[in-house]
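Coordinate analysis (summary)
One letter stands for each residue in the lines below.
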Number of protein chains: 2
Amino acid sequence: MATMTDVARRAGVSVSTVSYVLTGTRPISDATRDRVLAAMAELDYQPNAMARGLASRRSNIIGLLLPLTGRALGATETAFVTGATEAAREAGYHLMLCPVGTDDSDELQTLATQRLLDGFLVMEVQLSDRRVDLLRKLESPFVLIGRTEDPTGLACVDIDFDQTVDDAVAHLVQLGHEAVAYVNHSAASLASGYGPAKRTAAAFEAALRRHRITGVMVPTDDTATGGRQAIREARERCPRLTGVLVMNENAALGILAELREAGLDVPWDISVVSMVTSEVVADLASPALTAMTSPGSALGAAATRVLLKRLADGDGTTYEELLPCVLEVRGTSARPRKKK
Amino acid sequence: MATMTDVARRAGVSVSTVSYVLTGTRPISDATRDRVLAAMAELDYQPNAMARGLASRRSNIIGLLLPLTGRALGATETAFVTGATEAAREAGYHLMLCPVGTDDSDELQTLATQRLLDGFLVMEVQLSDRRVDLLRKLESPFVLIGRTEDPTGLACVDIDFDQTVDDAVAHLVQLGHEAVAYVNHSAASLASGYGPAKRTAAAFEAALRRHRITGVMVPTDDTATGGRQAIREARERCPRLTGVLVMNENAALGILAELREAGLDVPWDISVVSMVTSEVVADLASPALTAMTSPGSALGAAATRVLLKRLADGDGTTYEELLPCVLEVRGTSARPRKKK
DNA sequence: ATGAAAGCGCTAACAT
DNA sequence: ATGTTAGCGCTTTCAT
């Protein structure tokens, strides 16, 4: 394994010159640079990451804090990881997966003080998240995916739930629907103040008013069974119902199954729009789900870019970037057929 | 940020003593150790990962080579990543995600010679995989998830496809099925020599013989549409068909949809067993899919353990560990009802 | 059982 | 534009 000293000797220059060729932090004459580069190539030289990190106090690695609950990651999360990883690589950084939940404060403290990571991406952010407090205290640069209660002084990248709900409702209204339901996350998460649940509930109300249509919000579990119950309840509470928005993919599939068994035709009797859904899952359903596709990979890339920017600038001001889900019309939404 | 020198001074010992307390590579009297530990605690000392890595030539990080194709990772892969990450953490290691496909030789070369990673886990291994050749040449320790054509001298951890297929067929036979189809991966992947496709095809033939039943193998695309076509073809070629094994989850859902539309009752008319399927996806279907659940997270953990073992022992002998998928009977398999 | 000291391979002042 | 050199914070011989 050739070292920088080897390269310097071979190129007939000093080690610092070699170093500066690598980092580009001071002007080097073309002739010298060429000689150095040639020497590197001849020796198959690769800088030692550890030595670099030690001397520069930068590892060029960012950590992705992701609670690994045992159950699988959804497609959205996966896409996020992918997007973040790619964006990091393009900037010459590496991405390290760190299974750190809100409760593993010690783990995180160790990670952050080890100086192995230059900064953090924090996934699955809770409204009140201890990881945030800790990272702040330790003065580690970080970017949140999602938002805490009070985002002052934080950098957040999140789905634009307001916009997403509004776009979904607008899609149904445009098709001629006048009574729609919104099947939200569970009552429990709503009560616990889970951000997306609360924000979408409010956005739904607002959208109903804006579009002057009626509708009901039904919280339910994020399961197929939950979806089944929710659609039954929704139809009871609002018999004229012709459209439904669903927050959770599993619930969406449950709704399709329930409607089918009730002898109703999707999309002609009832349209279903799934929110924050990945393409894969949407295609699993039949008919394929009309959905608001979550910008998973774009979110990951955006978050990474924000973090790297902050690392470079030493910037720590409040920042917020919201990306809406994009409507993909597939087979479960249509103009409702006239009743009777 | 306290350094080892600070700790040494505070404890009234030399730096080397502090170091040995940390690494445990030489005996320390209890009294001294206690003083050192106390000093560390008082100073909130955390060893600097970079300095450690530079001096010891070990980063305590392993890389996970995972081609990020843009499309989402399946639940099995996700579980694998989770399992590997957890296992690494338990052993005091970190896991770094490296988006490196078979074609990114340069990327991999850089990664491996940078000395940032102690070893590699290689996912989505091709029958002939250039990453394997490269890692071997660079003498980087690594473990494959999957198998190459010739596994001599390699460490592999993989799904036991033979066992899995046999278990699935046995399940159907035991229920009384006498004519079953196997819906495999696409003809293209079969032709290209994709390992799992070839191995399961062979295992299916063997299982048919062993159980003295008839059956057909139908290759198809890994999509719902592919599944639909496949089941039509299978029923044409084998009208007495009462059971079907499916290799791909999407195809499995397509098959269910097609059968339903053809007016057939699952599982009473036709049983469906999905292979290498995750629980989440199985539950998405209605009825929930009887499936051979892939040991994703166990695979990840096993692979990590093998790699760490090799790092510790400097061992490089051939090694193979196969884990079967586990049968989970859900709603799509049953004793076939008598025809006519 | 403990200490002293020589690196590990690089970056970044400080020189010229 | 280039060279010299003092660290970065730790591990690990070599001593005692």
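Residues numbered from 1 in each chain as written. Chains lettered and ligands numbered in written order. Predicted model: local features only at pLDDT ≥ 70, side-chain atom pairs only at ≥ 80, totals over all residues. Heavy atoms only, no water.

If you check an unreviewed UniProt entry, chain A appears there as LacI family DNA-binding transcriptional regulator from Kribbella sancticallisti.

1. Quick word on the overall build of chain A
Test applied: In this description a helix means any DSSP run of H or I spanning at least four residues, a strand means any run of E spanning at least two, and both kinds are numbered starting from the N terminus. Computation of the radius of gyration draws on C-alpha atoms alone. For the globule rule, the value is 2.2 Å times the number of residues to the power 0.38. Each residue is assigned to one of three classes by its accessible area relative to the maximum for its type, calculated with a 1.4 Å probe on protein chains only: buried under 20%, partly exposed between the two thresholds, exposed over 50%. The contact definition used throughout considers only heavy atoms, calling two residues in contact when any of these lie within 4.5 Å.
Looking only at helices and strands, one finds 14 helices and twelve strands in chain A. For a compact globule of 340 residues, the expected C-alpha radius of gyration is about 20 Å, and chain A comes in at 25 Å, more than 25% above that figure. Along the three orthogonal principal directions, the C-alpha set of chain A runs to about 90 × 40 × 35 Å. Out of the 340 residues belonging to chain A, those deemed buried represent 54%. For chain A, restricting intrachain contacts to residue pairs at least 6 apart in sequence, the fraction spanning at least 24 positions comes to 70%.

2. Notes on the protein's contact with DNA strand D
As a reminder of what qualifies: If a single non-hydrogen atom of a residue is within 4 Å of a molecule or strand, that residue counts as near it. Pairs of N or O atoms are called polar contacts if they sit within 3.5 Å, as long as, within protein, a hydrogen donor faces a hydrogen acceptor (for residues adjacent in sequence, only side-chain-to-side-chain pairs). The classification used treats Ala, Val, Leu, Ile, Met, Phe, Trp, Tyr, Cys and Pro as nonpolar, Asp, Glu, Lys and Arg as charged, and all other residues, Gly among them, as polar.
In the vicinity of DNA strand D there are 29 residues, among which A:Arg26, A:Thr32, B:Met4, B:Tyr20 and B:Tyr45 approach most closely. Of everything in DNA strand D that lies within 4 Å of the protein, sugar and phosphate atoms constitute 54%. A distance of 2.9 Å is found between a phosphate oxygen of DNA strand D and a backbone nitrogen or oxygen belonging to A:Ser14. One nitrogen or oxygen atom from the side chain of A:Arg57 is found 3.5 Å from a sugar or linking oxygen belonging to DNA strand D. Of all the elements in the fold, those that place two or more residues in the surface near DNA strand D are helix H2 (15-23) and helix H4 (49-56) of chain A together with helix H2 (15-23) and helix H4 (49-56) of chain B. Of the residues assigned to the surface near DNA strand D, the class counts are twelve nonpolar, 13 polar and four charged.

3. Re the packing of H2(A) against helix H3 (residues 30-43) of chain A
Residues and elements named next belong to chain A. Here is the rule: Lines fitted to C-alpha atoms define the axes, with helix axes restricted to the stretch in contact, and inter-axis angles between N-to-C directions lie between 0 and 180 degrees. Oblique is the label for every angle not falling under 35 degrees (roughly parallel), over 145 degrees (roughly antiparallel), or within 65 to 115 degrees (roughly perpendicular).
Following both chains from N to C, one finds H2 and H3 inclined at 90°, their axes separated by 10 Å at the closest point. For the element pair H2 / H3, the angle class is roughly perpendicular. Contacts between H2 and H3 involve Thr 17, Val 18, Val 21 and Leu 22 from the former and Thr 32, Arg 33, Val 36, Leu 37 and Met 40 from the latter. Its residues assigned to classes, the contact of H2 with H3 comprises six nonpolar, two polar and one charged.

4. Considerations on the interface of chain A and chain B
Counted only if it meets this: Two parts placed together each lose some accessible area under a 1.4 Å probe, and adding up what both lose gives the buried area. For this document, the term salt bridge refers to a Lys or Arg side-chain nitrogen within 4 Å of an Asp or Glu carboxyl oxygen.
Across the boundary between the two partners, chain A contributes 42 residues, which contact 42 residues of chain B. Taken together, the two surfaces of chain A and chain B that pack against each other cover about 4,200 Å², and 69% of this comes from carbon and sulfur. For the pair chain A and chain B, the number of links is zero salt bridges. Our enumeration of links across chain A and chain B arrives at six residue pairs in polar contact (both at pLDDT 80 or more). Breaking the side of chain A that touches chain B down by element, the ones donating at least two residues are H4, helix H5 (75-90), strand S2 (94-98), helix H6 (105-113), helix H12 (249-261) and helix H13 (279-284) of chain A.

5. A few points about the sheet that holds strand S8 (residues 243-246) of chain A
Residues and elements named next belong to chain A. Applicable threshold: In this scheme, strands are said to pair when DSSP sees at least two bridges between them.
If you trace the six strands from one edge of the open sheet to the other, you get S7-S6-S8-S9-S10-S12, paired in mixed fashion. Each having just a single partner strand, strand S7 (214-219) and strand S12 (326-328) make up the two edges of the open sheet. Strand-to-strand twist of the sheet, defined as the mean angle between neighbouring strand axes without regard to direction, takes the value 20°. Lying over the sheet, helix H10 (residues 195-211) contacts strand S6 (179-184), S7 and S8, oriented at roughly 175° with respect to S6.

6. What to know about the protein's contact with DNA strand C
Near DNA strand C, the surroundings consist of 27 residues, among which A:Met4, A:Tyr45, B:Thr17, B:Arg26 and B:Thr32 are the closest. The share of sugar and phosphate among atoms of DNA strand C within 4 Å of the protein is 57%. Here a phosphate oxygen of DNA strand C and a backbone polar atom of A:Met4 are 2.3 Å apart. With respect to DNA strand C, the side chain of B:Ser16 contributes an N or O atom lying 3.2 Å from a base nitrogen.

7. A look at the relation of the copies chain A and chain B
Applied cut-off: To superpose the copies, least squares is applied to the C-alpha atoms of every residue with a pLDDT of at least 70 in both.
Each copy superposes on the other: chain A lies on chain B with an RMSD of 0.1 Å after a rotation of 180° and an axial shift of 0.1 Å. In the structure described here, the two chain copies are related by an operation that fits a two-fold rotation axis. Taking C-alpha positions as reference, the residue of chain A nearest the rotation axis is A:Met96, located at 2.2 Å. Looking at the interface residues of chain A, 98% of them are also at the interface in chain B, so both copies use one shared face.

8. Details of helix H3 (residues 30-43) of chain B
All names here are of chain B. To keep things clear, this is the line we draw: Expected helix span is taken as 1.5 Å per residue step, with the number of steps being one fewer than the number of residues. The arc under discussion is defined with respect to the helix axis, by the directions toward the C-beta atoms.
Helix length check: H3, at 14 residues, gives a terminal C-alpha distance of 20 Å against a target of 20 Å (1.5 Å per residue), a fit within 8%. All buried positions along H3 are accounted for by Thr 32, Val 36, Ala 39 and Met 40. Along the axis of H3, the buried positions cluster into a sector of 100°, meaning they face one direction only. Turned more than 90 degrees from where H3 packs its buried face, Asp 30, Ala 31 and Ala 41 sit exposed. Just downstream of H3, Asp 44 is the residue with a positive phi angle, here 55°.

9. Let's talk about empty space enclosed by the protein
Which entries qualify depends on this criterion: Note on definitions: the grid is 1 Å and covers protein atoms alone; a cavity is a set of points where a 1.4 Å probe fits but cannot get out; a pocket is an open set with protein on both sides within 12 Å along at least five of seven lines; lining residues have an atom within 4 Å of a point. Grid points are joined across faces, edges and corners, and a volume is the space filled by probe spheres set on the points.
According to the stated counting rule, one finds five cavities of 30 Å³ or more in the structure shown. Sorting the residues of the lining of the largest cavity by element identifies H5 of chain A together with helix H5 (75-90) of chain B as the ones contributing at least two each. Class assignment of the residues belonging to the lining of the largest cavity gives a composition of ten nonpolar, four polar and no charged.

10. Some words on the side chain of B:Ser333
All names here are of chain B. Along the chain, the position of Ser 333 falls in the segment after strand S12 (326-328). In this structure Ser 333 comes out as buried when scored by relative accessible area, which is 9%. Here the side chain of Ser 333 touches His 171 through a polar contact of 2.9 Å, side chain to side chain. Within polar-contact distance, the side chain of Ser 333 engages the side chain of Thr 290 at 2.9 Å. Ignoring sequence-local partners within four residues, the contact set of Ser 333 consists of His 171, Leu 175, Pro 267, Ser 271, Val 272, Val 273 and Thr 290.

11. Some points on the domain arrangement of chain A
To keep it simple, the criterion reads: Where each domain starts and ends follows an automatic or database-derived domain assignment.
For chain A, the assigned domains read domain 1 (4-54), domain 2 (61-159 + 296-325) and domain 3 (161-293). Here the C-alpha centroids of domain 1 of chain A and domain 3 of chain A sit 59 Å apart.

12. A short note on the pattern of salt bridges
All names here are of chain A. Taken as a whole, this structure holds 34 salt bridges over all chains when the rule is applied. The partner of Glu 258 in a salt bridge is Arg 228, with the nearest N and O atoms 3.1 Å apart. Placement of the pair is Glu 258 in helix H12 and Arg 228 in helix H11 (residues 224-237), with a sequence separation of 30 residues. Side by side, Glu 258 and Arg 228 carry an identical accessibility label, which is buried. The residue Arg 337 makes a salt bridge to Asp 269 at a minimum N-O spacing of 3.1 Å. One end of the pair, Arg 337, is in the segment after S12; the other, Asp 269, is in the loop between H12 and strand S9 (271-277), with 68 residues separating them in the sequence. Residue classification places Arg 337 among the partly exposed positions, given a relative accessible area of 46%.

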